[in-house]
Amino acid sequence: MKVFKTIAWILLIAFVGIQFFPTDRNQNEAVYVSDFMRVNNVPPVIQNKIEVSCYDCHSNNTKYPWYNRIQPAAWFLEDHIKEGKDELNFNEWGNYSDRRKNSKLRSIISQIEDDEMPLDSYTLIHRDAKFSESEKKEIIKYMTQLKNNL
């Protein structure tokens, strides 16, 4: 029993201690001229769904949940957001070459078709981010048109 208490105290002290190592927050209120929505003049219905489902991880401005200030959850979130932005940053869309845009659009279409995006771990908490079948079809159609017009 004494070993259990010692381990519990060590874990509690470690948990409290890691709270003093905050993460950088991915928040920026800037309006980018290179943003996907501005460059492509996206219809409002599609714009809203993409912002709700994609922008938290794939832009420079994340709307954080309440638990993002608690370590180690905050570290996980920041790592996930960094990976998402490295793969695709909608705020930087206008700076991509046509070849890169084409590649990204193919990837977006494929991942939405295969239900890979948005991630299940994200839609578990953000239910409104999940695509309905009709939303998937609309977004895929729009992205296909963009790709064909490059």
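As shown above, the structure is provided for reference.
Values in this document were obtained by computation on a predicted structure and should not be read as measured data.

Engineer: Would you mind going over a nonpolar patch on the surface with me for this structure?
Structural biologist: Taken together, the side chains of Trp-9, Leu-12, Ile-13, Phe-15, Val-16, Phe-20, Phe-21, Trp-66, Ile-70 and Trp-75 define a hydrophobic patch exposed on the protein surface, amounting to about 1200 Å² of accessible area. It is helix α1 (residues 2–18) that provides the largest number of residues to the nonpolar patch, a total of 5 residues.

Engineer: I would appreciate a short explanation of the environment of Phe-76 in the present structure.
Structural biologist: Among the secondary structure elements, Phe-76 is positioned in helix α4 (residues 73–87). When its relative accessible area of 55% is taken as the criterion, Phe-76 is described as exposed. Sequence spacing of Phe-76 and Ala-129 is 53 residues, and the spatial spacing of their C-alpha atoms is 19 Å.

Engineer: Help me out: how do you make sense of unusual backbone geometry in this one?
Structural biologist: Peptide bonds are, in most cases, trans, and in most cases residues other than glycine have a negative phi. Cis geometry is adopted by the peptide bond preceding Pro-118, which originates at Met-117 and carries an omega value of -10°. For Pro-118, the position within the fold is in the loop between α5 (98–113) and α6 (120–123). Here Asn-41, not a glycine, exhibits a phi torsion of approximately 50°, which is positive. Relative to the assigned elements, Asn-41 resides in the loop between α2 (36–40) and α3 (44–54).

Engineer: Would you mind showing me how to read the pattern of salt bridges here?
Structural biologist: Opposite charge on two side chains lets them pair, provided their charged atoms get close. Enumeration over the complete set of coordinates arrives at 5 salt bridges. A salt bridge links Lys-49 to Glu-135, with the shortest nitrogen-to-oxygen separation between them at 3.5 Å. In this pair, Lys-49 is assigned in helix α3 and Glu-135 in helix α7 (residues 133–148), connecting sequence segments 86 residues apart. For Lys-49, a relative accessible area of 10% corresponds to the buried category. In this structure Glu-135 comes out as partly exposed when scored by relative accessible area, which is 24%. Linking Lys-136 and Asp-115 is a salt bridge whose minimum nitrogen-to-oxygen distance equals 2.7 Å. Here the residue Lys-136 occupies a position in helix α7, and Asp-115 occupies one in the loop between α5 and α6, the gap between them amounting to 21 residues. Where salt bridges share partners, they join Asp-115, Glu-133 and Lys-136 into one cluster.

Conventions used here
Residues numbered from 1 in each chain as written. Predicted model: local features only at pLDDT ≥ 70, side-chain atom pairs only at ≥ 80, totals over all residues. Heavy atoms only, no water. Patch = residues over 30% accessible without salt bridge, like charges linked within 9 Å, V, L, I, M, F, W, Y side chains within 5 Å. Areas by Shrake-Rupley, 256 points an atom, 1.4 Å probe, with all protein chains shown as cover. Salt bridge = Lys/Arg side-chain N within 4 Å of Asp/Glu carboxyl O. Helix = DSSP H or I, 4+ residues; strand = E, 2+ residues; numbered from the N terminus. Buried < 20%, exposed > 50% of the residue type's maximum accessible area, 1.4 Å probe, protein only.

Limitation: the analysis is restricted to geometry and does not speak to function.
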